[in-house]
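# Chain and residue survey
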Amino acid sequence: MSIVPKETIEVIAQSIGIPNLSPDVALALAPDVEYRLREIIQEAIKCMRHSKRTVLTADDMDSALNLRNIEPIYGFASGDPLKFKRAIGHKDLFYLDDREVDFKEVIDAPLPKAPLDTAVVTHWLAIEGVQPAIPENPPIEAIVAPQDGKKMDHGKDDSLPVDLKLPIKHVLSRELQLYFDKIGELILLRPETALFKEALLSLAKDSGLHPLVPYFSYFIADEVSRNLSNLSILFALMRVLKSLLSNPHIHIEPYLHQMMPSIITCLVAKRVGEQVSDNHWAIRNFAAKLVSSICRRYGHVYHNLQSRLTRTLIHAFLDPSKALTQHYGAIRGLSALGPSVVRLLILPNLETYMQLLDPEMQLDKQKNELKRKEAWRVYGSLLLAAGSCLYDRLRLFPGLLSPPDIQPWKTNKKIALTHLPNNKRKASSTLNSHQPPTKKLAVDPTGANSQFPSTDGPATSSSCGSNPNHHHSHNSSNNNSSSAGNITNTNTNINNATGSGALAQRMAGSAVLRQAWKEDMDAGHLLSSLHSLFGEGVFSFIQPADMHLFI
Amino acid sequence: MEDEDIEKAVLTYLRKKGLKLTELALQEDQSRVSSDASHSRSQNVADRYFDGYSRLRSWAYNSLDSYKHELLCVLYPVFIHCFMDLVAQGYMQEARTFFHTFREDHEIMHLRDLQKLEGILSPSHLEEMELARISRQNKVKIRLCQSSYGLLQQFIHKKCLDMLGVINQINFEVTPGQPTSISDDSEAVVLVGASQDLAREINQKELHWGLLEDSVEERMEKALSDSDKTEVEGNKEGYPEEINKVKKTDGNKQGTSFSNKKKKDKAVGATGKTTRSETSMGSVAPRVKSELTGPQLPPEVELSKFEDLRNRAQLNSLALPSVSFYTFLHTRNGLNCSAISHDGSLVAGGFSDSSVKAWDMAKIGQPGRASNSQGENGSMQGMHSLASDEAKRPYSLLQGHSGPVYSVSFSPFADFLLSSSSDNTIRLWSTRLNANLVCYKGHNFPVWDAQFSPVGHYFATASHDRTARVWSIERIQPLRVMAGHLSDVDCVQWHPNCNYIVTGSSDKTVRLWDVQSGECARLFIGHRSMVLSLAISPDGRFMASGDEDGTIIMWDLSTGRSVSPIMGHNSCVWTLAFSCEGTLLASGSADCMVKLWDVTSSMKALKTDESKSGPTSRLRLLKALPTKSTPVYNLRFSRRNLLFAAGALSAGS
């Protein structure tokens, strides 16, 4: 009847020295106990309200008991609300985590730090009704309008709000200076620590960092040029940039022109890092991502941002005198800008570039192993670029993979897999002659792709095996066979044995590609041509959903 | 009785004869019959209430839309009375199931009452709990239109006779005409009919809400208009000269007013009561004479006031104020209240560890604050030297209370600080000496609130003992005791003309008291939970009150009517403040928001259709200013219309 069960009453009775309370008495007492409890809690709520709190604490209960002249309950006083733990295995049973404390431990333990004394700080919650974006204020959802934001942010140090309307003297508050120094120190000395991660988080989230942006942009530009050989610092700088870019409270556009060169340096520098073994690829990749995110976010504001960027990159890409590392960076940067950039700028030049690249990749032609590896890297990045372009096309034109084609493919599957590469190639070429669209596919790609060292490349032979199926189904059984051939090719070619053969294939592939470009309108054709050029490596760019459709 | 006698006779007969078996059988039989009867009876009664109520409920819900609202109003009192009847008759179990089954319907309107009533588990509790006792003893009054009343009567007589007893607990006031469609909140909230009558009666009284005659503001206005005139005339006099002029005229006036007041003082001393002076009905704001004798302002204070008035930023819905926020750090949930002096230079906090701490913001605040240099230099210097004598604390620690401090209040010129505590006392501190001057004992329970009057010298307190008291700082006994609230008095506020105080209470009402007579002059019913904050507009005509649920209600003091309430916040409204011209209302809440409301537009609407009944206009939200997890404890507009806010940063969230 009452919320308080009679067992509780019995337990309480026992605890105060009444061992055998009759159940009737307990039952009769229960409602009254509940009533008193409620009364006291209601009083306690009053005390809570007058303490301007919304959470009931043990102190409130004590004050409520005091109001009724009852002795308070000792041992629960604490400034914070009590923390209850849920008993394991019970849904609604909670207990206080009250551990036994060893006296000796307490005595031996060093004295804890004295708690900080109460203090009062002031800040402007609003100035003429507008909340300034200072750290003391909660973050505003987004900066409303650029000009508005500028006006708000420029002179805004928490200490100098009155200067707002005067000609602005740019004065950094001491806190901000400290903050800036600390971040700089972290970047240069301890970029690997957890503290640095926290700092990045703070850079990405805190409002009120705006006054520091020019300093940061200068700092980054300076340090990048100075530390080109130190990968970890470069990386740290790029991450700081990324955090700043993602901070919604910073109006960063005016500083973009200062930041872009540093990023592009990281992207296409000839040498990054001290030793050749350094993983400078990673920082190039990171910079590429950064570049693309900037273009996406500010492209519409800076209408010539992307065009200038692509011009720089394509220059690097097309200049044969540049090092392969620079080519790599340029390709990564271009591909990060989106599939359409790849389609317009990389693909048309792919063929010529391949000619250039190819000798570098061959064991017999390029003796320097390092150079050869670099060439493979470049190749991988090209594959990635073309592949993401393919993915994009596929997404845009899902109708390309038309169901009717499934049937023939299925029947041929077995054969395809059993075919030897050479046969297949022959078969495909013959078929191609009657079927123009399939021709492109048939151009048998290049085992090149399979030669590509699998560190970066997504394809493993097993995944390839499943992927080709559906990819091919969209054109004809013919294609299937050829792709399956590719697989076998890959397997055999992994040891680079068939260098020259691959070259020939590649040449053929580029011819098809050119053809594909002529009929650019037909996206489906483009797709197949891309596939044929890069082989099964491309398949990983096809959405699994699409695959299922055809398996 | 006869049956029992016969049974007894039979039993004794059987016993005599030694027929033990028969006797046992008979006894068994008897007990079974009686228990059956009682069981079925209890079942019956409980079921009757249950069925009756649920039938009435479904009928009310299915009634025509035009009558529905009125009929639904009937449900709540019926529900409460059914529940209490069940408890009174001892069917605790049934009462509880009944309560829980239908509780949801009323939770929106009457959550607080339900929470209280839920605890009632035995007839004795009904007697003990005030709310239950009052509502059982008094009849609820519900206004119904004729046709709904007819419908209800018909239904009760035909289908639901069981409920007749309960329905009779309600006093129906049948009005001719159309059924009302919108809920008249103030009527629906209270269970006790008597209080409504009381309110109506009380609110008939005459109220002189106008501002004081001969106040500084008035003189200021005059002076300003004079100076305007002179400027228009073409005498391009510099401002300094202007001020000098004002000062001169001031001095003259002051002399005369001073002598006036002295005379009055004597009168007060002799009779203890002054006859109420007739109000001068000015065109804009009527002026009234002060019934309290206030202290004289030193001339330099008046001058600084003039300066402030001259430099006051004009606020309206387009020109919003600047808000300076004082955040208390490292309070560890210990800060109970805070106060800010009129110029923002002093900030005080009352803590649950019985201490009061006062900060001199001019000392630790940043340089270049425009608002700091407002004539408080003397007190600041005093604080300086003393603080440096003590350990290097940035604040002055005022110790003396022996329980949590629930409110602090600065005197108008920040030379005194008042604190009230759960140790039943109020203490007066000097901010110049950093010392306790007086301890006022009189309340028997914790003192929730203490507020200095706008002229200083007097203060009002509100306590758990259900009284509000008015004191003067020079006597240790209260001058007036205002009794009448049915529960704790939680907050108190002075009317700008000092002739009235308003109190908010846990009984969900706000009362306005005449300081001179100590009588209740207005009773405002409409809140649904405990009233936590009050503010009166500077022209003395309107009052805003905020409650535990986040509702803010504007009241017209003269009529006692409310502008329709708004859910201003998601949580307790701790504080309210009007801007100096009364154009804006600022509210601060536990939901970490400062909100600014447009008063003028809504009040204009109220003034224009004053004749029409029914509150239609609402406060308009101008701006919501969120803080970073800092509940807002205190708000104050400086005389130059800078808004100060204070709160303790709540850790953990």
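Analysis parameters
Residues numbered from 1 in each chain as written. Chains lettered and ligands numbered in written order. Predicted model: local features only at pLDDT ≥ 70, side-chain atom pairs only at ≥ 80, totals over all residues. Heavy atoms only, no water. Helix = DSSP H or I, 4+ residues; strand = E, 2+ residues; numbered from the N terminus. Buried < 20%, exposed > 50% of the residue type's maximum accessible area, 1.4 Å probe, protein only. Contact = heavy atoms within 4.5 Å. pLDDT = per-residue confidence, 0-100. Buried area = accessible area lost by both parts, 1.4 Å probe. Salt bridge = Lys/Arg side-chain N within 4 Å of Asp/Glu carboxyl O. Polar contact = N/O pair within 3.5 Å; in protein donor to acceptor, adjacent residues only side chain to side chain. Nonpolar A, V, L, I, M, F, W, Y, C, P; charged D, E, K, R; others polar. Pairing = 2+ DSSP bridges. Expected span 1.5 Å × (residues − 1). Bend = angle between axes of the 7 residues up to and from the residue.

Turning to the environment of A:Ile183, a few remarks are in order. All names here are of chain A. Following the sequence through the fold, Ile183 ends up in helix α6 (residues 174–189). Its relative accessible area of 4% is what places Ile183 among the buried residues. Spatially, the C-alpha atoms of Ile183 and Leu200 are 8.9 Å apart, while their sequence positions differ by 17 residues. With residues near it in sequence (within four places) discarded, Ile183 still touches Ala199, Leu203 and Phe216.

Residue and element names in this part refer to chain B. Looking at chain B, the pLDDT average stands at 78 and 76% of residues meet or exceed 70. Overall, residues 183–188 carries pLDDT values under 50, and its contacts beyond four positions in sequence, including any with other chains, amount to eleven contacts. Low pLDDT, under 50, characterises residues 230–283; the stretch is placed with 52 contacts to residues that sit more than four places away or in other chains. What the predictor reports for the complex is a pTM of 0.60 with an ipTM of 0.78.

Interface size is commonly expressed as the accessible surface area that is lost when the partners come together. Listed per partner, the contact involves 63 residues of chain B and 48 residues of chain A. Interface area lost by chain B to chain A is led by B:Asn333, B:Trp574 and B:Lys628, which between them contribute 11%. Our count for the chain B to chain A interface comes out at five salt bridges. Scanning the region where chain B abuts chain A turns up 23 residue pairs in polar contact (both at pLDDT 80 or more). Take the side of chain B that touches chain A: its biggest share by element is seven residues, from strand β5 (residues 323–329) of chain B. For the side of chain B that touches chain A, the residue count by class is 31 nonpolar, 18 polar and 14 charged. Pairing geometry for strand β3 (residues 119–126) of chain A and β5(B), over seven bridges, is antiparallel. The residue bridging A:Thr122 from the neighbouring strand is B:Tyr326, located in β5(B).

Turning next to helix α10 (residues 253–268) of chain A. Residues and elements named next belong to chain A. The terminal C-alpha atoms of α10, which comprises 16 residues, lie 23 Å apart, in line with the 22 Å expected from a rise of 1.5 Å per residue. The sharpest bend along α10 reaches about 40° and sits at Met259, with the proline Pro261 one to four residues further on. Restricting attention to buried positions, one finds in α10 the residues Glu253, Tyr255, Leu256, Met259, Met260, Ser262, Ile263, Ile264, Cys266, Leu267 and Val268.

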